[in-house]
Amino acid sequence: MTIKKLHQEFLTSSGICTDTRKIKKNCLFVALKGDNFNGNTFAAEAIKKGAYKVVIDESEYQNDQTILVKNGLIALQKLATFHRKQLKLPILSLTGSNGKTTTKELINVVLSKKFNTVATKGNLNNHIGVPLTLLSMTSETEFGIVEMGANHLHEIESLCQIAQPDYGYITNFGKAHLEGFGSMEGVVKGKSELYRYLESHSKTVFVNGNDTKQLELTKSLDQVVFNDTIIQLMDASNEVKVKFRNTEIQSKLVGLYNYANIAAAIAIGNYFNISEEHIKAAIESYIPQNNRSQRIEKAGHKILLDAYNANPTSMMAALENFKQAEGNNKILILGDMFEMGTEAEKEHQHIVAFLESNPFGKAYLLGSNFKKTNKKAAHIYTFESFDDFKKQIKVEDFKNCFFLIKGSRGMALERILDLL
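All values derive from a computational prediction rather than experimental measurement.

Caption draft 1: Region of interest: helix α3 (residues 72-87). An ideal rise of 1.5 Å per residue puts 22 Å on 16 residues; α3 measures up with 23 Å between its terminal C-alpha atoms. For α3, the full list of buried residues reads G72, A75, L76, Q77, L79, A80, T81, H83 and R84. At its buried positions, α3 is contacted by α1 (3-12), β1 (16-17), β2 (28-30), β5 (91-95), α5 (129-135) and α6 (155-163). At the N-terminal end of α3, a side-chain oxygen is found 3.0 Å from the backbone nitrogen of L73, two or three residues along, and the residue is N71. Directly beyond the C-terminal end of α3, a positive phi value near 55° is found at K88.

Have a look at this one:
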């Protein structure tokens with residue numbers, strides 16, 4: 001079946017689904033394969049649950065309601081690109097080592113003041129998530145915002161070919177996914193694949209002018225540059241406050257590291273002629289969720305929960321911010337940083353060294369990488385696992401503390417909230 005005909009089947013359906021646990025009546029189910037599953041084996045179940053038709057890539061599962069293709073994943077990706085071309089709407093793609101999901105959410109709330117937007121849900125930003133995001137757009141969608149994640153070279157390049165963005169933004173280059181990228185140079189090269197796509201298609205890039213590396217890499221592109229003279233930082237001791245022209249904007253985001261995320265959303269909104277009043281209302285209404293820079297109060301404690309993910313760059317930014325933050329009786333609970341490859345030992349030791357020379361609170365470090373570090377300071381405690389720490393926390397007498405909780409997603413440190 002041609003992609004054009006498959007697209008007609010898609011338009012007849014109620015939408016795409018790739019998980020039988022989330023089947024919607026009359027959806028088009030696409031059977032995908034993974035290391036531990038084969039979606040083709042769920043074809044009959046999908047139809048039984050109400051799917052309109054099922055896209056399969058193994059002939060033995062054929063029946064009257066199946067559509068046989070050579071490769072289910074490639075069919076999904078090509079379908080998404082074909083659909084994107086038919087809609088002919090502007091798409092902004094963003095990537096970066098840190099802050100891309102928060103920035104995407106901020107851009108979305110700002111642009112939705114003027115446009116009917118569709119943005120990546122959660123962190124569905126990979127080779128499956130990007131097509132699903134594109135296929136969630138309809139003829140009523142006026143602007144698309146597509147987040148792109150990557151942990152190795154050529155991944156952003158591939159996602160650009162699928163989404164074909166008109167605009168792009170890279171939040172930053174940081175020490176994330178070093179295991180896959182190999183080095184910081186690999187990170188820069190991999191993320192900059194977005195720039196190369198935009199350049200080759202004469203598209204526009206938004207650039208944080210405070211980042212000299214970004215300015216240098218985009219000097220041959222059509223740039224829209226913003227910096228701290230255009231969008232001024234007023235305060236970051238608590239929630240970040242900025243000033244754009246004559247308008248003060250008080251966000252609900254904590255940490256100096258969120259200044260750039262807010263500034264990007266303001267600059268992009270301004271480019272698309274969103275009024276200052278509407279930009280202010282949008283950003284001030286945004287409340288962080290999903291364990292990202294969340295402020296929580298519980299049992300007399302103040303908690304800064306930033307446990308969605310962590311890498312050396314974001315961890316140091318969080319520590320520097322917590323060091324400067326107003327508050328007494330500070331407690332740090334940090335989890336291992338994953339996907340560091342051969343840099344894991346050095347990067348975890350670097351965090352410990354910072355904590356030893358900056359004793360602004362007790363530090364509890366969880367995970368096998370932190371457990372291997374050498375520490376001398378009495379205010380630093382290491383634990384092999386979450387369960388080991390769980391035993392310790394039961395004997396601690398925490399009262400009116402200010403906690404920073406941060407670690408990689410696999411550490412699931414939000415579980416600590418149930419222990420306080």
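Caption draft 2: A look at the UniProt feature "domain: Mur ligase N-terminal catalytic" (unreviewed entry) in the protein chain. Following the UniProt record, the feature "domain: Mur ligase N-terminal catalytic" (unreviewed entry) maps to residues 14-61 here. Taken end to end, residues 14-61 comprises 12% helix and 19% strand; its first and last C-alpha atoms sit 22 Å apart.

Caption draft 3: Up close: helix α13 (residues 312-324). Its 13 residues place the ends of α13 18 Å apart at the C-alpha level, agreeing with the 18 Å of an ideal helix rising 1.5 Å per residue. For α13, the secondary structure elements touched by its buried residues are β15 (301-306), β16 (330-335), α14 (344-357) and β19 (402-406). One side-chain oxygen at the N-terminal end of α13 lies 3.0 Å from the backbone nitrogen of T313; it belongs to N311.

Caption draft 4: Inspection of the sheet that holds strand β8 (residues 167-170) at higher detail. The sheet built from six strands is open, its strands ordered β6-β7-β5-β8-β9-β10 with parallel pairing. The two strands at the open ends of the sheet, each matched to only one other strand, are β6 (117-119) and β10 (222-226). In this sheet, adjacent strand axes meet at a mean angle of 20° when their direction is disregarded. As judged from the three bridges shared by β6 and strand β7 (residues 143-147), these two strands associate in the parallel manner. For A119, the partnering residue across the bridge sits in β7 and is I145.

Caption draft 5: Molecular detail of the packing of α3 against α6. At a minimum axis distance of 7 Å, the contact between α3 and α6 shows a crossing angle of 50°. The pairing of α3 with α6 is recorded here as oblique in orientation. Taken together, the residues of α6 that come into contact with α3 (itself represented by Q77, A80, T81 and R84) are Q161, I162 and A163. When grouped by side-chain class, the residues that make up the contact of α3 with α6 number three nonpolar, three polar and one charged.

Caption draft 6: Molecular detail of the pairing of strand β14 (residues 294-298). Strand direction decides the pairing type here: β14 and β15, joined by five bridges, are antiparallel. Paired with R295 across the strands is L304, a residue of β15. A loop of two residues connects β14 with β15, the two strands running antiparallel in sequence, and A299 in this loop sits at a positive phi of about 50°.

Caption draft 7: Representation of the UniProt feature "domain: Mur ligase C-terminal" (unreviewed entry) in the protein chain within the structure. Residues annotated in UniProt with the feature "domain: Mur ligase C-terminal" (unreviewed entry) correspond here to residues 292-385. Note that residues 292-385 is 33% helix and 28% strand, and that its end C-alpha atoms are spaced 22 Å apart.

Caption draft 8: Quick peek at the packing of α13 against α14. Where α13 meets α14, the closest approach of the two axes is 11 Å, and the angle between their N-to-C directions is 10°. Taken as axis vectors, α13 and α14 run roughly parallel relative to one another. Each of P312, M315, M316, L319 and E320 in α13 lies in contact with α14, whose residues at this interface are E347, H350, I351, F354 and L355. Class assignment of the residues belonging to the contact of α13 with α14 gives a composition of seven nonpolar, one polar and two charged.

Caption draft 9: Summary view of the domain arrangement of the protein chain. By domain assignment, the protein chain separates into domain 1 (3-72), domain 2 (89-285) and domain 3 (294-419). Relative to domain 2, the C-alpha centre of domain 1 lies at a distance of 33 Å.

Caption draft 10: Here's a closer look at the pairing of β7. Within β7, five of the five residues are buried, leaving the element largely enclosed by the surrounding structure. Side chains of β7 alternate between two faces, with F143, I145 and E147 and G144 and V146 buried alike. Bridge analysis of β5 against β7 gives four bridges, and the strand direction is parallel. Within β7, the position partnered with I91 by the bridge is G144. For the crossover that starts at β6, traverses α5 and ends in the parallel β7, the hand is right-handed.

Cut-offs applied
Residues numbered from 1 in each chain as written. Predicted model: local features only at pLDDT ≥ 70, side-chain atom pairs only at ≥ 80, totals over all residues. Heavy atoms only, no water. Helix = DSSP H or I, 4+ residues; strand = E, 2+ residues; numbered from the N terminus. Expected span 1.5 Å × (residues − 1). Buried < 20%, exposed > 50% of the residue type's maximum accessible area, 1.4 Å probe, protein only. Contact = heavy atoms within 4.5 Å. Polar contact = N/O pair within 3.5 Å; in protein donor to acceptor, adjacent residues only side chain to side chain. UniProt positions renumbered as here; feature names shortened; annotations may be inferred. Pairing = 2+ DSSP bridges. Axes fitted to C-alpha atoms, helices over the stretch in contact; angles between N-to-C directions. Parallel < 35°, antiparallel > 145°, perpendicular 65-115°, else oblique. Nonpolar A, V, L, I, M, F, W, Y, C, P; charged D, E, K, R; others polar. Domains from an automatic or database assignment. Right-handed = clockwise from strand over helix to strand, strands pointing away.

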